[in-house]
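What the coordinates show
Now for the letters of each chain:
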Amino acid sequence: MKRFVEGTDRQQSTLFPAVLDEYVGEDNPVRAIDVFVDGLDLAKLGFGGVAPLATGRPAYHPASLLKIYIYGYFNRVQSSRRLERETTADFRKDNGEAIRKVCRAFVLLCRRLGLFGDASVAIDGSKFKAVNNRDKNFTEAKMKRRLEQIDESIARYLSQLDTADHQGPTVPEAKTTRLKEKIAKLREEIGRLNALNARMMASEDKQISLSDPDARSMATSGKGSGIVGYNVQSAVDTTHHLIVAHEVTNVGTDRSQLSNMAEQARAEIGAETLDVVADRGYYDGQEILACETIGITVTLPKPMTSSAKAAGRFGKQDFIYVAADDIYRCPAGEALTYRYTNEEDGKTLRRYWTTACQTCALKAQCTPGKERRISRWEHEAVLETVQDRLDRNPEKMRVRRQTVEHPFGTIKAWMGATHFQMRRLPKVASEMALHVLAYNMKRVMQILGVGGLMAAMLA
């Protein structure tokens, strides 16, 4: 490779050992990384600097830098400063999209090796911390709370100044000066927050982050807790627990992610049909319908959001739909007949009720209104099929938990307390791709062995 900085020849003879290559054991993972990167067409993937410049100081070849990064993430060293100052600092930043393609290239290798078994994946999302302190993120609620706190502080300091005025010269001048300085600083802070508030209200989601503008405040599973970060989605193969597809988003919920992740997983596996299992956070009628329409079979539980059930009354699930007669049978045995159709939130709904509620002995357990009304979506049969599938295979939720939660836990352990090192969504996505690549490579080495993986790549 002319016009590049070149390392020492691996076949260069030395006294001990005979050649440099013998320093590295045959089963060392670095050998598999070396073979994998050497088999990539870096120019086609979009890496810059593949062709050397005719003038200037020779550069490091992108293949060498990519190997360093993969080896670093493989060994839980994701900081560019720790990998090598200046040499690799810009490589990850400048080649983000190409690095994401390298991650996908290894997924395609796993597919070629037949490691995706039964065309079955578990989908889940997890929150990862961004390079953005919670104090440097503002939402409407946070901003209002902060301004109220400052107003209370100013009022308290003004009250203390009034007290000092009444006491006269017995109060040290330094104390009154200090109080006036605090009030002045707080008023400056109000001006700063008002400027931020204007920027925040102009944003699409009424939220602003100062360190990483793409990071968002997100609730986590702990009560009253949350982080400023990203929501990472992943689809994990249920056979070997390999990450088939992943995506970094700054949307705090999973509800709109099901069909997108399922379709990505199906494309990566290369199957016509796919079996997907997810948790209740993904439950959305339109998303489920989109999956079932294109041949993706979904299994997930329905969240219990019924206010009637919460109040101790009968829920919708207690009313049985009789398709042959197009009626609902209530717990008292009465038939709720179809009345009319309307549209709500983009969904076509059929409405059912009966006039027998007024004299029903179970009315107090059913509704506080005149009669109990049931709504049925035009594609409700799809949701009923999903529920029936879960009822017949409840063990799938255990499989989901065992499959998809392990990779997230492992990667977070590698990351440490700080999680992501980079800022802005595209760069964070590249960083996550390196973590996923390192995770998948370790998994395949556990399955095939280093030698087996090298032989498969060289075949």
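Heads up: the structure comes first, above all this text.
My aim in this report is to walk through the structure given alongside it, one point at a time. (Residues numbered from 1 in each chain as written. Predicted model: local features only at pLDDT ≥ 70, side-chain atom pairs only at ≥ 80, totals over all residues. Heavy atoms only, no water.)

**Quick look at the overall build of the protein**
Selection rule: Helix and strand definitions here come from DSSP, where helices need a minimum of 4 consecutive H or I residues and strands a minimum of 2 consecutive E residues; each element is numbered from the N-terminal end. For the area figures, the Shrake-Rupley method with a 1.4 Å probe applies, and any residue is considered shielded solely by the protein chains shown. His is not counted, nor are the chain ends, whereas Lys and Arg count as positive and Asp and Glu as negative. Taken as the charge centre is NZ of Lys, CZ of Arg, CG of Asp or CD of Glu, depending on the residue.
Counting its secondary structure elements, the protein contains 14 helices and 13 strands. With respect to the three principal axes, the spread of C-alpha positions in the protein is 100 × 90 × 35 Å. For the protein, the computed accessible surface area is about 24,500 Å², with 50% contributed by carbon and sulfur atoms. Within the protein, one finds 67 positive and 58 negative side-chain charges whose respective centroids are separated by 4 Å.

**Considering the sheet that holds strand E13 (residues 374-377)**
Filter applied, for reference: Two strands pair under a simple rule: DSSP has to find at least two bridges between them. Helix axes are fitted to C-alpha atoms over the stretch in contact, other axes to C-alpha atoms as well, and angles between N-to-C directions run from 0 to 180 degrees. The contact criterion used is simple: two residues touch if any of their non-hydrogen atoms lie within 4.5 Å.
Taken in spatial order, the 5 strands of this open sheet run E9-E10-E11-E12-E13, and their pairing is antiparallel. Every interior strand has two partners, whereas the edge strands, strand E9 (320-322) and E13, have only one. Between one strand axis and the next, the sheet turns by 40° as a mean value, whatever way the strands run. Helix-sheet contacts for helix H12 (residues 380-392) involve E9, strand E10 (327-329) and E13, and the interaxial angle to E13 is about 95°.

**Side note on the packing of aromatic side chains**
We apply this condition: Pairing of aromatic rings covers Phe, Tyr and Trp, the last counted by its six-membered ring, and requires centre-to-centre distances within 6.5 Å; plane angles under 30 degrees mean stacked, over 60 mean edge-to-face, and any other angle means tilted. With a 1.4 Å probe rolled over the protein chains alone, any residue whose accessible area is under 20% of its type maximum counts as buried; one over 50% counts as exposed, and the rest are partly exposed.
This structure, assessed with the given rule, holds 13 aromatic pairs. An angle of 35° between the planes, with centres 5.6 Å apart, marks the rings of phenylalanine 128 and phenylalanine 420 as tilted. One end of the pair, phenylalanine 128, is in strand E1 (residues 120-129); the other, phenylalanine 420, is in the loop between helix H13 (396-415) and helix H14 (425-458), and 292 residues separate them in sequence. For phenylalanine 128, a relative accessible area of 0% translates into the label buried. Seen in terms of ring centroids, tyrosine 321 and tyrosine 328 are 5.0 Å apart; in terms of plane orientation they differ by 55°. Their pairing is tilted. Residue classification places tyrosine 328 among the buried residues on the basis of a relative accessible area of 2%.

**So, unusual backbone geometry**
Positioned with a positive phi, alanine 119 is a non-glycine residue whose angle comes to about 50°. Within the chain, lysine 206 stands out as a residue other than glycine whose phi angle is a positive 55°. Here lysine 206 is to be found in the loop between helix H8 (173-202) and strand E3 (207-209).

**Overview of the environment of isoleucine 68**
Within the secondary structure, isoleucine 68 sits in helix H3 (residues 62-74). Considering only alpha carbons, one finds isoleucine 68 and lysine 2, 66 residues apart in sequence, at a separation of 20 Å.

**Observations concerning the packing of helix H9 (residues 258-269) against helix H10 (residues 285-293)**
The angle between the axes and the distance between the axes are what describe a pair of packed helices. In plain terms, the rule: An angle counts as roughly parallel when it lies under 35 degrees, as roughly antiparallel when it exceeds 145, as roughly perpendicular when it falls between 65 and 115, and as oblique in every other case. Throughout, the ten residues Ala, Val, Leu, Ile, Met, Phe, Trp, Tyr, Cys and Pro are labelled nonpolar, Asp, Glu, Lys and Arg are labelled charged, and all others, Gly among them, are labelled polar.
Viewed as axis vectors pointing N to C, H9 and H10 meet at an angle of 25°, and their least axial separation amounts to 8 Å. Relative to H10, the element H9 is oriented roughly parallel. Two secondary-structure elements touch here, H9 through Leu258, Ser259, Asn260 and Ala262 and H10 through Glu287, Ile288, Ala290 and Cys291. Residues belonging to the contact of H9 with H10 are distributed by class as follows: 5 nonpolar, 2 polar and 1 charged.

**Concerning the packing of helix H1 (residues 29-38) against H14**
Their axes nearest at 9 Å, the elements H1 and H14 cross at an angle of 80°. As the angle between them shows, H1 and H14 are arranged roughly perpendicular. Side by side, H1 and H14 meet where Pro29, Arg31, Ala32, Ile33, Val35 and Phe36 of the first sit next to Leu437, Met441, Met445, Val450, Leu453, Met454, Met457 and Leu458 of the second. Tallied by class, the residues present in the contact of H1 with H14 amount to 13 nonpolar, no polar and 1 charged.

**Looking at helix H6 (residues 96-112)**
Owing to its 3.6 residues per turn, the α-helix brings residues three or four apart onto one side. Under the convention used in this document: In this analysis, the expected span of each helix is defined as 1.5 Å times one less than the number of residues it contains.
Compared with an ideal rise of 1.5 Å per residue, which puts 17 residues at 24 Å, H6 spans 25 Å between its outermost C-alpha atoms and is within 8% of the ideal. For H6, the full list of buried residues reads Gly96, Ala98, Ile99, Val102, Cys103, Phe106, Val107, Leu109 and Cys110. Trailing H6 by a residue or two, glycine 114 shows a phi angle of about 70°, which is positive.

**Some details on the pattern of salt bridges**
For clarity, the threshold we go by: The term salt bridge refers to a pairing of a side-chain nitrogen on Lys or Arg with a carboxyl oxygen on Asp or Glu at a separation within 4 Å.
Going through the model one piece at a time under the given rule, you end up with 21 salt bridges. One salt bridge in this structure joins lysine 101 and glutamate 97, with 4.0 Å as the shortest N-O distance. You can see lysine 101 and its partner glutamate 97 sitting in helix H6, 4 residues apart, about one turn around the helix. Lysine 101 sits in the partly exposed class, given a relative accessible area of 36%.

**Details of the side chain of asparagine 95**
Where we set the bar: In protein, a polar contact means a hydrogen-donor-capable atom and an acceptor-capable atom, both N or O and within 3.5 Å, with residues adjacent in sequence counting only if both atoms are side-chain atoms; elsewhere, any N or O pair within 3.5 Å suffices.
Here asparagine 95 shows up in the loop between helix H5 (91-94) and H6. Of the residues examined, asparagine 95 reaches a relative accessible area of 6% and is grouped as buried. Looking at asparagine 95, its side chain comes within polar contact range of the main-chain oxygen of phenylalanine 91, at 3.0 Å. If we ignore the near neighbours within four places in the chain, the residues touching asparagine 95 are Gly46, Phe47 and Gly48.

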